[in-house]
Every structure is written in C-alpha cells, then in structure tokens.
Amino acid sequence: MAGKALEIQSLTKKIKDKVIVDNVSLSIEKGEIFGLLGPNGAGKTTIIRMIVSLIGRTQGSVFVNGYNLDTHFKESMSEIGAIVENPEFYKYLSGYKNLRHYANMAKNKISDERIQEVIRVADLEEAIHQKVKTYSLGMRQRLGVAQALLHSPSLLILDEPTNGLDPQGIREFREYLRSITKEGISVLVSSHLLSEMQLMCDRYAIIEKGKLIHISSINQLNDQNQEVHTVMFEVSDLEMALELLSENNLGVDFKKVDQNQISVILDKDSIAAANRLLVKNNVDVYAIHTVTTTLEDRFLELTGKGSQEVKTSVHVN
Amino acid sequence: MFMLIKNEIGKIFGKKASWIYMLIIVIAVAIGGILEDRIGGEPNNNWREETQATVNQLQQDLEAAPEEEKEWMSAELKRQQGFLDENINPNAKSNWHFMNVTVAGVTMLVTLFAVIVSSASVSSEFSDGTIKQLLIRPHERWAILLSKYLSVIIYSLLLMIVLILAGFVTGSILFDSVDFNTKFFENTLEGQRIAQLGPQFFLKTVYYLPSLLILITISFMLSTLFKSQSLAVGIGIFVLFLSSTLGGLIVFLAEKYTWAKFLIFPHLDLTVYALQDKILGDVTLPISLLTLGVYYIIFIALTFTIFQKRDVSI
C-alpha cells in the first residue's frame, strides 16, 4: 500500500438487490491525476461517495495514503480533500467564515496564514468577506477548491468539477490541477466530458453500469497513435484491395466504411507498403488518411455506444 | 468537540432568523407588560375593607341561597377569607407577579422557536447540500450530530435566559419591585394554593425544561429524518400543536384505558406539577419523568442510529 495515494479493493454497493457498483478495484499513484469516466448514472459518483464515506460500502476496502478507512477513519479522512458534485456552502455566511468553519474541523490546527494562502491561490481575496450568496458559480467552484486544499490533503477528489464552468474557467481549472500535482498531491476526478478528461488526466478508468470495464493510461493511448494508425484508403476496387492487403498481412481489422473506402489498422511503414502493393496491382488509390483515436472513440468502442458505426461496416477477417 | 459546537452555534447565529426570534421574545414580553399595566388598573390599597365586605355579603347570601348554589358560594367564601387570613392582596401587581403570569406564558414562544431551529438543524444541511461537505471531515458522524444537538439545546437555553431577563427588566420598570419570597395565591384546578412568587416562578421554569428538551429532541429527530427543511419544520410545529390540543382527549382516554396514561402527550407539560400533585387521576411527577425518560432514550437512539447509517446521496 505504501506509495499509493489511493487504493480501492473490490468496492461494491448494492441497494436491495440492485448492484450500483460491482467489484471495482483501482489504485492511484502519488502525484497522478486519475480520471473516472463514464456516462451519467454509471456509478462514478457512488464510487466517490463510498471513498469519502458519504455512502456505506456493501463490500470492499479503501486505503488512503496507506490508512485503512475502516480502522483509521480520522487519519484517512484527513488525507482527503473533496468537492462532491457542486460545492455547496452556507450562503448566509461569508466565504471566509465558511473556510474558517471547515478549518475548525481539521484534525490539525490550521493557521490563519494557511487560510490566507488558499484564499490567494483560489484568487478570492477581494470577495472573501462577502456572503457566499453573492458569489458567481466560478467563485463558488474556486471556494470549493480552497476548502478542499485547506488542510493540505494528499488526495484531492473532484466529482464533475467542470460542471457549470465556462471554457475559460475549465482551462484555468486544468492548469491549476497540473500545478498542484507538481507538489505531490494526487487527484481523482470524475467526469462524463471525455475531451476534458483527455486533456486533464494521466490515467483513466471507464465505468459502465457499475463495472470497471477499462483501465488505461492516456499516454499509452497517445503512444499507440504514434505507432499504429487507423488508416482510411479510398480506392477504385474495394474487394481487390481487401484481398491484396489481407493476403500480404498488411494491417489488421479490415472494415468497409462505404462504397469506396476501407479502414485498416496499420503501422507507419506498412502504410507505404500497402500503397505500393495496391498501385502495383492496378488498384487506383485516390486518398490515404489516418484517423486519430481519441478517448471518445475508445470510450464509445468500449461501452458499445459506437455500434451504429460498426453495423454499417463489414468485417472481412 | 468544542470546535464542532462552536461551528454549529456560529451557523445558528449566522442566520438572521435566530436573532429575530430573540427579538420577538423581548417584544412579546414588553407588550405583555404594557397590556397588564394598562388593563389591570392601579392596585387597590383598601383591599382589606373590600374583601371583608365581599366576605360578609357572601355569608349573608349563603344562608338564603338555594341548595345547588351553596357549594360554589362556600368555596368562594373560603377563597376570599384566604386573602384576609394570609394578608395577601388579591389584586397585587409586582415584577414577580408579572414573571409568574405573563412571562411564564411566553415560554410557549421559546418552545416554538426552539422547535423551529431544532427541526432545521440537520434538514437544512440536506436542503442546502452542505451536508456533503460537512461529513467528509475527520470526525465521526455521531460527533457531528451530537454537536448539532447540543448547540440547539444551548440556543434554546439562551432563548430562555433572554425571556427571563426581558421579563425581569420589563417587570421592574413597569411594576413595583417586591421581595422574592412574597406570598401569593396560585389558582389551580383543585382550588387555590399558597405559594411564594420567586420560588414558584423558578419551579415552573425547572418543570418546563424537561418538556422543552423532549420537544427539541423530537424535532431534532424529524430533522434527521427529512431531507427537506420546510417539511421537517412543518411537522415539528404540527407535533407541538398536537401535543397541546390532545390534552382533553387523553384525559378522556385515560379514564377508560391505562395505556393512554403512557402516551407522551400528557407528560409534555410538567409545569402542571407546580400547581397540582397528580394528573390523569393517579399519575405523579416521578411517573411522568420516567415515561419521558423512556421516550427520550428511544428518540435519541433512533436519531443517532438513522444518521449513522444513512447514505448521503443528494
């Protein structure tokens, strides 16, 4: 467990006979931004709420920075700073009093200097003594980050943090997350916004219907893209082209996309070889282009949401 | 725990309403004082002669009166004679008379506001969504709930102190100040009983506190059961009014069924024990306290068990 910011083991939540979260295990390294990805209602929020013990676990254990949540509740919770969905505050109190309130609840005494520091980091110096009901959504979001960082946690948990933020706010938020992980803080972030997660996370897990269906690193995804591409060939004779490529073992996963296009998964060198082969055998090549695999494609592929596309194409091998 | 309670009290006083409730109590006491001052008229200095005249008149009338009227007339005669025997002015007014009658009546407002604040205590955190941020701290749930419960009790006691201070100040400004131990007659269901002003007031206050605690506990339980603040407060006030209107029905039921005596409602107003020794025929103060104690334990156990296990999924 040492060295892991968060480790969850066979986390399960059942409500009556309905399984909300099914045997999910994962771990987060120190200084890593880990994304929890999935459609709305997949169980991301339930997983997060089980980690912060807002919801009871039917089964499974949680270790935060090595502390077992069951046996060392206070120690574990001290390591966590979280915003669960929209950050809600006592609107009739000022931002400062809200922070003071949470500071009073920390295990170790939090100095006034520390409070001033997080206020500065969250860029709320001017409005901090105004009542929270006067704050804009972006300000509340920043106050949310401030309260989560107040007690210098080692793990920051953010549930749908970019909900309601404008593009500028999302960008700032992303940069901000990057800067805090440099200090060794790990981040667990959930979202259904795939493109966001691709820009934000080091690694991600895909959750669907309560199950962990894929766990991967975004860098891995990018590396793959550099070596293996999904390539579209626009050619004069589809059947002939498919036959030639498969006979010569150039690429895998052949698909007919439409009447004059095929898609093949190839590495870079094979693209040239394939082109040569087709031209030599009198198959005219009108266009060759590579398709980058985005997280969204991977997500749709894994969750089966891309099935409409699959239906229109024909598998050869 | 100290810090948790400090936080909760800070939140109670962060709401304007909590200050307004205190203000309302002060205003209610002031209005009560002014009304009593204007309506009651000046205390009569010739009360001995007048009471003697009433007694003489009653004695004469009693001989000629028909049989059915004799009973209440002799009771009234006894009452009037009592004033003379004990040398107590029946129309006396003083700061402590004011405390005993008007201020003791305004405790209804203390109960009402205590119930409102208590029912909002947990439910408002659910309504506002702040419960999520509150429970992800390194504190056990029971400790957070206990701090809320204690802070509501502290606020209610503050309301009570505001009431007593406002009553004493208003009474001392508007009326003559008399000795703490001045005797007076308290009217009860069983005729009148002689008592001392100051001690009687504080006896009523002490008898009032257990019922206040129980009502706070009931509304606090409702507060943890409902996610909606308005629903919790509404039901809390409903229970409060139910308890004060069910009295007649319970007396009727208790004559027929013994179990009716152990319903919570007749025991909620212990201040009657400041006036009489028994209620519902044979129920005494220790029995009432014991009954309340059993209910109290059940309510507290329910509240804490439910809150401890509850999934926060708002």
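Worth saying up front: this structure is predicted, and the values here are computed from it rather than measured.

Chemist: For this particular structure, what's the right way to read the overall build of chain A?
Modeler: Helix and strand counts for chain A come out as twelve helices and 15 strands. A buried classification covers 39% of the 317 residues belonging to chain A. Taking the intrachain contacts of chain A between residues at least 6 apart in sequence as the baseline, contacts between residues at least 24 apart amount to 71%.

Chemist: Looking at this structure, how should I read the overall build of chain B?
Modeler: The helix and strand tally for chain B stands at eleven helices and two strands. Helices (α) and strands (β) of chain B occur, in sequence order from the N terminus, as α-α-α-α-α-α-α-β-β-α-α-α-α. Seen through its C-alpha atoms, chain B measures out along the principal axes to roughly 80 × 50 × 25 Å. Here chain B holds 314 residues, and 32% of them are scored as buried. Pairs at least 24 residues apart make up 79% of the contacts formed inside chain B by residues separated by at least 6 positions.

Chemist: It is not clear to me how the environment of S263 of chain A should be interpreted in this structure. Could you clarify?
Modeler: With respect to the helices and strands, the residue S263 of chain A is situated in strand 13 (residues 261–267). Not counting residues up to four positions away in its chain, the partners in contact with S263 of chain A are T230, V231, M232, K255 and V257 of chain A.

Chemist: Mind showing me how you'd approach helix 1 (residues 44–51) of chain A here?
Modeler: Every α-helix carries 3.6 residues per turn, so stepping three or four residues along brings you back to the same face. For helix 1 of chain A, a buried count of eight out of eight residues is recorded, marking the element as mostly surrounded by other parts of the structure. Taken together, the buried positions of helix 1 of chain A are K44, T45, T46, I47, I48, R49, M50 and I51 of chain A.

Chemist: I keep staring at the environment of A272 of chain A and nothing clicks. Help me out?
Modeler: Following the sequence through the fold, A272 of chain A ends up in helix 10 (residues 268–280). With 137 residues separating them in the primary sequence, A272 of chain A and Y135 of chain A have C-alpha atoms 58 Å apart.

Chemist: Sorry, what's going on with the packing of helix 3 (residues 47–64) of chain B against helix 4 (residues 67–86) of chain B here?
Modeler: Residues and elements named next belong to chain B. It is at 9 Å that the axes of helix 3 and helix 4 come closest, and there the two elements cross at 155°. Looking at the two axes, helix 3 sits roughly antiparallel to helix 4. In this structure, the crossing between helix 3 and helix 4 has a hand that is left-handed. On helix 4, the residues that touch R48, T51, Q52, T54, V55, L58, Q59, D61 and L62 of helix 3 are K70, M73, S74, E76, L77, Q80, Q81, F83 and L84.

Chemist: Quick question: what am I supposed to make of the sheet that holds strand 4 (residues 59–64) of chain A here?
Modeler: Where strands meet in a sheet, backbone hydrogen bonds hold them as pairs that are either parallel or antiparallel. Residues and elements named next belong to chain A. Ordered by their spatial adjacency, four strands build an open sheet running 2-1-4-5, and the pairing between neighbours is antiparallel. Unpaired on one side and paired on the other, strand 2 (18–29) and strand 5 (67–68) mark the two borders of the sheet. For strand 4 and strand 5, the ladder comprises two bridges, and the chain directions are antiparallel. Bridge pairing links F63 to N68 in strand 5. Docked against the sheet, helix 1 engages strand 1 (4–15), strand 2 and strand 4, running at close to 115° with respect to strand 1.

Chemist: What is the right way to look at helix 5 (residues 95–128) of chain B in this model?
Modeler: Residues and elements named next belong to chain B. The largest bend along helix 5 measures about 45° and falls at S121. Among the 34 residues that make up helix 5, 24 are buried, leaving the element largely enclosed by the rest of the structure. Backbone geometry just downstream of helix 5 places G129 in the positive-phi region, at approximately 80°.

Chemist: Sorry, what's going on with the interface of chain A and chain B here?
Modeler: Interface extent is often summarised as the accessible area lost during association of the parts. With 23 residues of chain A at the interface, the matching set in chain B holds 23 residues. Per-element accounting of the side of chain A that touches chain B gives the leading share, four residues, to helix 2 (residues 73–78) of chain A. When the residues that make up the side of chain A that touches chain B are grouped by side-chain class, the tally is 13 nonpolar, five polar and five charged.

Chemist: What should I look at first to understand the pairing of strand 2 of chain A in this one?
Modeler: In summary, the side chains of a regular strand alternate between the two faces of the sheet. All names here are of chain A. Inspection of the sheet shows strand 1 paired to strand 2 by eight bridges, in the antiparallel sense. By the bridge assignment for strand 2, K4 is matched with E29. The turn joining strand 1 and strand 2, which pair antiparallel and follow one another in sequence, is formed by two residues; a positive phi near 55° is taken by K16.

Chemist: I keep staring at the pairing of strand 4 of chain A and nothing clicks. Help me out?
Modeler: All names here are of chain A. Bridging between strand 1 and strand 4 involves five bridges; their strand directions are antiparallel. By the bridge assignment, Q9 is partnered in strand 4 with S61. Connecting strand 4 to the next strand, strand 5, in antiparallel fashion are two residues, including N65 with a positive phi near 50°.

Chemist: Could you clarify how one ought to interpret the confidence of the model for chain B in this entry?
Modeler: For residues with low pLDDT, the predicted coordinates do not support detailed interpretation. Residue and element names in this part refer to chain B. Residue-level pLDDT values for chain B average 85, and 97% of them are 70 or greater. By mean pLDDT, strand 2 (residues 191–196) is the weakest element of chain B at 75, and helix 7 (residues 141–174) is the strongest at 93. Here the prediction assigns the complex a pTM of 0.80, and the interface score ipTM is 0.79.

Chemist: Would you mind showing me how to read the nonpolar core here?
Modeler: Across soluble globular proteins, nonpolar side chains show a tendency to be buried alongside one another. Judged by nonpolar contacts, the single largest core of 116 residues is most densely connected at V52, A146, I157 and L188 of chain A together with A114 and L215 of chain B. When residues in this core are grouped by element, the largest group, 13 residues, is from helix 5 of chain B. Each residue touching L215 of chain B, except ones within four places of it in the same chain, is listed here: T111, A114, V115, L240 and L268 of chain B. In this structure, F233, A241, L250 and V283 of chain A belong to the second largest nonpolar core, which totals 14 residues.

Chemist: Whenever I open this one, the confidence of the model for chain A confuses me. Can you help?
Modeler: Across chain A, the average pLDDT comes to 80, with 87% of residues at or above 70. Predicted confidence for residues 306–317 of chain A stays below pLDDT 50, and this span has 13 contacts to residues more than four positions away or in other chains.

Chemist: Honestly, the environment of A273 of chain A in this entry has me stumped. Any pointers?
Modeler: Residue and element names in this part refer to chain A. Examined against the element boundaries, A273 turns out to sit in helix 10. On the neighbour-count criterion, A273 (15 C-beta atoms within 10 Å) is partly exposed. Separated by 26 residues in sequence, A273 and E247 place their C-alpha atoms 13 Å apart.

Chemist: Can you walk me through unusual backbone geometry in this structure?
Modeler: Most peptide bonds are trans, and most residues other than glycine sit at a negative phi. Residue and element names in this part refer to chain A. In this structure, N23 takes a positive phi of about 50° despite not being glycine. Within the secondary structure layout, N23 lies in strand 2. Under the C-beta neighbour-count criterion, N23 is labelled partly exposed, with 14 such atoms within 10 Å. Of note in this structure, K209 is not a glycine but carries a positive phi near 50°. Relative to the elements of secondary structure, K209 occurs in the loop between strand 9 (203–208) and strand 10 (211–217).

Reading guide: rules and limits
Residues numbered from 1 in each chain as written. Chains lettered and ligands numbered in written order. Predicted model: local features only at pLDDT ≥ 70, side-chain atom pairs only at ≥ 80, totals over all residues. Helix = DSSP H or I, 4+ residues; strand = E, 2+ residues; numbered from the N terminus. Buried ≥ 20, exposed ≤ 12 C-beta atoms within 10 Å, placed from the backbone. Contact = placed C-beta atoms within 7 Å. Axes fitted to C-alpha atoms, helices over the stretch in contact; angles between N-to-C directions. Parallel < 35°, antiparallel > 145°, perpendicular 65-115°, else oblique. Left-handed = near helix turned anticlockwise from the far one by under 90°. Pairing = 2+ DSSP bridges. Bend = angle between axes of the 7 residues up to and from the residue. Nonpolar A, V, L, I, M, F, W, Y, C, P; charged D, E, K, R; others polar. pLDDT = per-residue confidence, 0-100. Core = buried A, V, L, I, M, F, W, Y, C linked by C-beta atoms within 7 Å.

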